[in-house]
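Single-letter residue listing:
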Amino acid sequence: AQKVTQAQTEISVVEKEDVTLDCVYETRDTTYYLFWYKQPPSGELVFLIRRNSFDEQNEISGRYSWNFQKSTSSFNFTITASQVVDSAVYFCALSEMKTSYDKVIFGPGTSLSVIP
Amino acid sequence: DAGVIQSPRHEVTEMGQEVTLRCKPISGHDYLFWYRQTMMRGLELLIYFNNNVPIDDSGMPEDRFSAKMPNASFSTLKIQPSEPRDSAVYFCASSFLGEHQPQHFGDGTRLSIL
């Protein structure tokens, strides 16, 4: 069975600090996709990134970066120089290739508060 | 481009009443998903459609819940009769077919059953 663990329930940082959100997943498949979504206080879910299991290159997008390590089944998300607008709940998610559609298993989420 | 549109944004109703939630997916998307989000259970997939056909409704909690997709641009999730434990935020999402494309979510419907 697939599973996504986000051990950090809540994190608080002061603005401009860097913060890393952890994500550990479990799957028996060798081919799968990983996602990060952001849910700001307004409530909508916003897609951030998709990564397939064959692509272990780290990705950077502005202040956001993602570190995918297959050996430890982790897909961590780092925000550099955090800003108040980064305050949100962040979900890591997993989707296995063997399924015929995008059934996505979401982690429990990490609530990030960036304090001015 | 318009995103996934859900209505209403908020719904407050009394126990026993019928509740209908509506969703318009992004044009051209092949898949439509209904999720429920609660503090206790997080995000749960209730049902999904492929090309308007329900494929997997194993997440629907009870027979009180039903979903339809009469055409490619509209879906409903109905609860009849509603109960206080149905209170949650209900999200609709849609995606393209293939390669596990990211799902695009609507703003959600916050449902409160009194």
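Residues numbered from 1 in each chain as written. Chains lettered and ligands numbered in written order. Predicted model: local features only at pLDDT ≥ 70, side-chain atom pairs only at ≥ 80, totals over all residues. Heavy atoms only, no water.

### Considerations on the overall build of chain A
Phase 1 of the analysis: Across its full length, chain A carries 0 helices and 12 strands.
Phase 2 of the analysis: Helices and strands appear in chain A in the N-to-C order β-β-β-β-β-β-β-β-β-β-β-β.
Phase 3 of the analysis: Computed over C-alpha atoms, the radius of gyration of chain A comes to 14 Å, within 12% of the 13 Å expected from 2.2 N^0.38 for 116 residues, which places it in the range of a compact globule.
Phase 4 of the analysis: Here the C-alpha coordinates of chain A stretch approximately 45 × 25 × 20 Å along the principal axes.
Phase 5 of the analysis: With 116 residues in all, chain A has 46% of them scored as buried.
Phase 6 of the analysis: A sequence separation of at least 24 residues applies to 56% of the contacts in chain A between residues at least 6 apart.
Phase 7 of the analysis: Split by element, the accessible area of chain A, about 5,600 Å² in all, is 50% carbon and sulfur.
Phase 8 of the analysis: Separation between the mean location of the 10 positive side-chain charges and that of the 14 negative ones in chain A comes to 5 Å. (Helix = DSSP H or I, 4+ residues; strand = E, 2+ residues; numbered from the N terminus. Rg over C-alpha atoms; globule rule 2.2 N^0.38 Å. Buried < 20%, exposed > 50% of the residue type's maximum accessible area, 1.4 Å probe, protein only. Contact = heavy atoms within 4.5 Å. Areas by Shrake-Rupley, 256 points an atom, 1.4 Å probe, with all protein chains shown as cover. Lys, Arg positive; Asp, Glu negative; His and termini not counted. Charge placed at Lys NZ, Arg CZ, Asp CG, Glu CD.)

### Examining the nonpolar core
Phase 1 of the analysis: If you look at the biggest cluster of nonpolar residues, it comprises 23 residues, and the most contacted ones within it are Trp36, Phe77, Tyr90 and Leu112 of chain A.
Phase 2 of the analysis: The set of elements that each furnish at least two residues to this core consists of β2 (10–14), β3 (19–21), β5 (32–39), β8 (64–69), β9 (74–79), β10 (88–96) and β12 (110–115) of chain A.
Phase 3 of the analysis: Per element, the largest residue contribution to this core is 4 residues, and it comes from β10 of chain A.
Phase 4 of the analysis: Setting aside residues up to four positions removed in sequence, Tyr90 of chain A forms contacts with Gln6, Leu21, Trp36, Tyr37, Lys38, Leu48, Tyr64, Phe77, Ile79, Gly109, Thr110 and Leu112 of chain A.
Phase 5 of the analysis: Counting residues in hydrophobic clusters, the runner-up holds 21 residues, among them Phe65, Met69, Tyr90 and Leu111 of chain B. (Core = buried A, V, L, I, M, F, W, Y, C linked by side-chain atoms within 4.5 Å.)

### A closer look at the sheet that holds strand β1 (residues 5–7) of chain B
Residue and element names in this part refer to chain B.
Phase 1 of the analysis: Reading across from one edge, β1-β3-β8-β7 is the order of the 4 strands in this open sheet, with antiparallel pairing throughout. The two strands at the open ends of the sheet, each matched to only one other strand, are β1 and β7 (65–71). Sheet twist, expressed as the average angle between the axes of neighbouring strands with direction ignored, equals 15°.
Phase 2 of the analysis: With 3 bridges joining them, β1 and strand β3 (residues 19–24) adopt antiparallel strand pairing. Paired with Ser7 across the bridge in β3 is Arg22. (Pairing = 2+ DSSP bridges. Axes fitted to C-alpha atoms, helices over the stretch in contact; angles between N-to-C directions.)

### Remarks on the confidence of the model for chain A
Phase 1 of the analysis: Residue-level pLDDT values for chain A average 91, and 93% of them are 70 or greater.
Phase 2 of the analysis: Looking across chain A, the model is least confident in strand β7 (residues 59–61) of chain A, with a mean pLDDT of 87, and most confident in β3 of chain A, with 98. (pLDDT = per-residue confidence, 0-100.)

### Quick look at unusual backbone geometry
The bulk of non-glycine residues show a negative phi, and the bulk of peptide bonds are trans.
Residue and element names in this part refer to chain B.
Phase 1 of the analysis: Omega for the bond connecting Ser7 with Pro8 falls within 30 degrees of zero, at -10°, which places this linkage in the cis form.
Phase 2 of the analysis: Among the structural elements, Pro8 can be located in the loop between β1 and β2 (10–13).
Phase 3 of the analysis: The backbone of Asn52 shows a phi angle near 75°, a positive value even though the residue is not glycine.
Phase 4 of the analysis: Turning to its location among the elements, Asn52 is positioned in the loop between β5 (42–50) and β6 (53–56).
Phase 5 of the analysis: Exposure remark for Asn52: the relative accessible area of 27% places this residue in the partly exposed category.

### As for the pattern of salt bridges
Residues and elements named next belong to chain B.
Phase 1 of the analysis: Per the counting criterion, the structure on display carries 12 salt bridges over all chains.
Phase 2 of the analysis: The partner of Arg9 in a salt bridge is Asp107, and the shortest N-O contact between them spans 3.6 Å. Remark: Asp107 occurs in the loop between β10 (104–105) and β11 (109–113) and Arg9 occurs in the loop between β1 and β2; sequence separation between them is 98 residues.
Phase 3 of the analysis: Of the residues examined, Asp107 reaches a relative accessible area of 37% and is grouped as partly exposed.
Phase 4 of the analysis: With a shortest N-O distance of 3.3 Å, Glu44 and Arg36 are connected by a salt bridge. (Salt bridge = Lys/Arg side-chain N within 4 Å of Asp/Glu carboxyl O.)

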